[in-house]
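Each chain is listed here by its residues.
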Amino acid sequence: MKKDKEWLKKELKKCLATSLNRDNHYSHGNRDAYSIALSYVDELDELDEPEQTDTNVGLLKPIIPKFVADWIDTHNLYGNNPLREYRDLENDFNEGWTDEEDAAVYHWVNKNPYAFIDALRYGCEVEKEKLYRVRAGNRHVRFNLDGSIICVKKDNSIVCLERLSKLPFDYEKAVESGIITLEEVTE
């Protein structure tokens, strides 16, 4: 037997109607209560269930940067409580014991404490990393990590800023001087 909303209504009506018709209930209060409960069962059809729309999908899961999601995952992987680890990180930061990555997590959490807590409670979605095509003149290029240039097709020249930051030269200064240009990939 399928136990759904209709089954529940039927069983409640049967139970309440039986109780309402019994002669051993001397109190008018009991009969009134059963009567009211029976009327509520009849109103079950009128209740609206919340619709899942585009505006309320994923409201509980915050969108956080990849480095914060990686930090949370690392601590969960080792069975540590990320909230307790963050408190330790805060103490380490105040004492000057943190590295660059932990300092970035510390600053992000201080600016976004509610998103951090929601990410721990409900999970999170990782912020899409911006991707760029690198151009030198009229050609799309890609760099080896040693800084040498590889001439490539347009499709292969897509990189993220993290990869560019690992180059042995300052890519921001190269962009400012016009040696290279970055085109954000919108596809």
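Before reading further, recall that the structure is shown in the block above.
Scoring rules and cut-offs
Residue numbers run consecutively from 1 along every chain, following the written order of its sequence. Side-chain atom pairs in this predicted model are given and counted only at pLDDT of 80 or more, local residue features only at pLDDT of at least 70, and totals for whole chains, interfaces and linings cover all residues. Processing note: side-chain calculations cover all non-hydrogen atoms of the structure and skip hydrogens and water entirely. By definition, any uninterrupted DSSP run of H or I lasting at least four residues is a helix, any uninterrupted run of E lasting at least two residues is a strand, and each is numbered from the N terminus. The length a helix should cover is 1.5 Å for every residue beyond the first. Buried means the residue's accessible area, taken with a 1.4 Å probe over protein chains only, is under 20% of the maximum for its type, while exposed means over 50%, and partly exposed covers the values in between. Here, residues are in contact when the closest pair of their heavy atoms is within 4.5 Å. To define a nonpolar core, start from buried Ala, Val, Leu, Ile, Met, Phe, Trp, Tyr and Cys residues and group those joined through side-chain atoms within 4.5 Å. When the centres of two rings from Phe, Tyr and Trp lie within 6.5 Å, Trp using its six-membered ring, the rings pair. Their planes under 30 degrees apart give stacked, over 60 give edge-to-face, and anything left gives tilted. Criterion used throughout: strands pair if DSSP finds at least two bridges between them.

> Just give me the short version of helix 5 (residues 100-111), but keep the residues and values in it.
With 12 residues, helix 5 should cover 16 Å at 1.5 Å per step; its first-to-last C-alpha distance of 17 Å lies within 8% of that length. Burial in helix 5 covers these residues: Ala 103, Val 105, Tyr 106, Trp 108 and Val 109. Residues of helix 5 that are buried in the fold lie against strand 1 (63-64), helix 3 (66-77), helix 4 (82-94) and helix 6 (113-122).

> I'd like to hear about the nonpolar core, residue by residue, with values.
Ile 64, Trp 71, Ile 72, Tyr 86 and Phe 116 are the most contacted members of the largest nonpolar core, which totals 13 residues. Of all the elements in the fold, those that place two or more residues in this core are helix 3, helix 4, helix 5 and helix 6. Beyond its immediate stretch of four places on either side in the chain, Ile 72 contacts Ile 64, Pro 82, Phe 116, Ala 119 and Leu 120. With nine residues, the next largest nonpolar core counts Val 134, Leu 167, Tyr 171 and Ile 180 among its residues.

> Outline the environment of Leu 164, supporting the account with residue identities and numerical values.
Relative to the helices and strands, Leu 164 is located in helix 7 (residues 161-165). Under the relative-accessibility criterion, Leu 164 is labelled buried at 3%. Along the sequence, Leu 164 and Leu 145 sit 19 residues apart, while their C-alpha atoms lie 8.5 Å from each other. If sequence neighbours within four positions are ignored, Leu 164 has contacts with Val 134, Val 159, Tyr 171 and Leu 182.

> How would you sum up the packing of aromatic side chains? Please name residues and give values.
Applying the stated rule across the entire model yields four aromatic pairs. Between the aromatic rings of Tyr 86 and Tyr 106, the centroid separation amounts to 6.1 Å while the plane-to-plane angle is 20°, which identifies the pairing as stacked. Pair noted here: Tyr 86 is in helix 4 and Tyr 106 is in helix 5, with a separation of 20 residues, a long-range link. Pair check on accessibility: Tyr 86 and Tyr 106 agree, each one buried. The interplanar angle of 50° and the centroid separation of 5.6 Å between the aromatic rings of Tyr 86 and Phe 116 together place this pair among those described as tilted. Pair noted here: Tyr 86 is in helix 4 and Phe 116 is in helix 6, with a separation of 30 residues, a long-range link. Counting every residue linked through ring pairs, the aromatic cluster contains Trp 71, Tyr 86, Phe 93, Tyr 106 and Phe 116.

> So what about the pairing of strand 3 (residues 131-136)? Which residues, and what values?
As paired elements, strand 3 and strand 6 (residues 158-160) share three bridges and run antiparallel to each other. Counted as the bridge partner of Arg 133 is Ile 158 from strand 6. Pairing of strand 3 with strand 7 (residues 181-184), which is carried by four bridges, proceeds in the antiparallel orientation. Looking at the pairing, Arg 135 lines up with Thr 181 of strand 7. With three bridges connecting them, strand 3 and strand 4 (residues 139-143) associate as antiparallel partners. By the bridge assignment for strand 4, Arg 135 is matched with His 140. Between strand 3 and strand 4, which pair antiparallel and follow one another directly, the connecting turn spans two residues, one of which, Gly 137, has a positive phi of 70°.

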